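# Reading the structure
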Amino acid sequence: MPHPIRPRARLRASLGALALVALGLLIAHVPAAQAGAPVLRDTYRDPVHKFSLRMFDGYKPVPLKPDERLVACRFRDPKEKGEARGTFPVTVEVLRLAKDGKDKPVTTGGGPDGMPEIPAEVLERMGLGEPKDLFDAAFRGLMIAEAAEKEIQAGKDKPKAIRSKDKVAGQMWTFEVASIWGSDPTDRIYLFLATFERDGVEYGISCRCGAVMRKHYAPRFEDIAESFRFFDTRAKDVESLDALDGVNISARRRLQIEQSMVRDWDVVVSPKKNYIVIYNTKKGTNHTLAKVIAERIELIREQIYEVQFP
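To keep things clear, this report deals only with the structure shown in the data block. (Residues numbered from 1 in each chain as written. Predicted model: local features only at pLDDT ≥ 70, side-chain atom pairs only at ≥ 80, totals over all residues. Heavy atoms only, no water.)

Before going further, it helps to spend a moment on the nonpolar core. Counting residues in each nonpolar core, the largest one holds 34 residues, and the members touching the most others are Phe51, Leu53, Phe56, Phe221 and Phe228. Breaking this core down by element, the ones donating at least two residues are strand 2 (52-55), strand 3 (71-76), strand 4 (91-98), strand 7 (188-198), strand 8 (201-210) and helix 5 (214-226). Apart from the residues within four sequence positions on either side, Phe56 is in contact with Ala37, Pro38, Val39, Leu40, Asp42, Val90, Val92, Tyr217, Arg220, Phe221 and Ile224. Counting residues in hydrophobic clusters, the runner-up holds 21 residues, among them Val71, Leu97, Ala137 and Leu142. (Core = buried A, V, L, I, M, F, W, Y, C linked by side-chain atoms within 4.5 Å. Buried < 20%, exposed > 50% of the residue type's maximum accessible area, 1.4 Å probe, protein only. Helix = DSSP H or I, 4+ residues; strand = E, 2+ residues; numbered from the N terminus. Contact = heavy atoms within 4.5 Å.)

Okay, here's the thing in structure tokens:
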């Protein structure tokens, strides 16, 4: 004959079952993004500088602004939802600094394609001047607390060793710092930087994510850095954009636009060739929108701008 279950024991059993059910519900509702970092399935080969490195599955480079001289390429979480990756979106950048004097200082433009250049001393006062090195370039402009900035600068002289795919010795830094937004424990950022130098050119692999995702992404960030190769023979060349033929821009500006183009992006030139629209092709769905924008901005110029400001 089975032993009767006492009320107290029955209550404990019921609470245990409820706890298991609750735990099951919690597990079932954890966002898929929290399960871990994506796998490193893709290899990116840069058509401009010919370097290569492994990249998260599905991550694609995004176009750069012409004045982002030190950024060679940038990858973003394709979901573009910061909360899905722990408060802050996952970002991977490759920085490049040539130390042979060929790369010009950062300015806001100049010559026939832009406004007059802003003097370097003015940019420096604005916090926009030439970074001292890739360490400075990687960690400037972040929305972090003043104490975090001091912590980063204090750790500059304490790097760890790392090696690239082609056996170049490098340096690596990691920081977990508070954002400027508040004291919420989730408002913390995990920062990673690895730098390698060869033949007068320094590259930096700069990565960041929400600190709550550190355990998943930190090993993958280091894997990306260790996969970096200075020169990859399989890298393709920059493609010329026939759509830019006849547009009144300098050869240098045209090359900047062509070099900034990445897979799944294209250009549309306005009817009178006064504007260039760069857009995400998104399986062809954005072409009509880009064309409409190019046509309408020409009409705005013709009917408003040129009338009001002849």
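That covers the picture; the talk isn't over yet.
The two faces of the sheet receive side chains in turn, since in a regular strand these alternate between them. Extensive coverage of strand 8 is indicated by the burial of ten of its ten residues. Sheet analysis places strand 7 next to strand 8, joined by ten bridges and oriented antiparallel. Bridge assignment links Glu197 to a residue of strand 8, and that residue is Glu202. Taking the residues that link successive antiparallel strands as the turn, the strand 7-strand 8 hairpin has two residues, and the phi of Asp199 there is positive, at about 55 degrees. (Pairing = 2+ DSSP bridges.)

Attention now goes to the side chain of Ser227. Tracing the backbone shows Ser227 in the loop between helix 5 and helix 6 (251-260). Apart from residues lying up to four places away in sequence, Ser227 is in contact with Ser52, Leu53, Arg54 and Lys165.

Helix length check: helix 5, at 13 residues, gives a terminal C-alpha distance of 18 Å against a target of 18 Å (1.5 Å per residue), a fit within 8%. Of all the residues in helix 5, the buried ones are Tyr217, Ala218, Phe221, Ile224 and Ala225. For helix 5, the angular spread of buried residues about the axis comes to 125 degrees, placing them on one side. Those residues of helix 5 that are buried lie in contact with strand 2, strand 4, strand 5 (160-163), strand 7 and strand 8. (Expected span 1.5 Å × (residues − 1). Arc of directions from axis to C-beta.)

On to unusual backbone geometry, then. Look at Asp199: it is not a glycine, yet its phi comes out positive at around 55 degrees. We classify Asp199 as exposed; its relative accessible area is 73%. Phi is positive for Lys273, which is not a glycine, with a value near 60 degrees. Relative to the helices and strands, Lys273 is located in the loop between strand 9 (265-269) and strand 10 (276-280). Residue Lys273 is classed as partly exposed on the basis of its relative accessible area, which comes to 35%.

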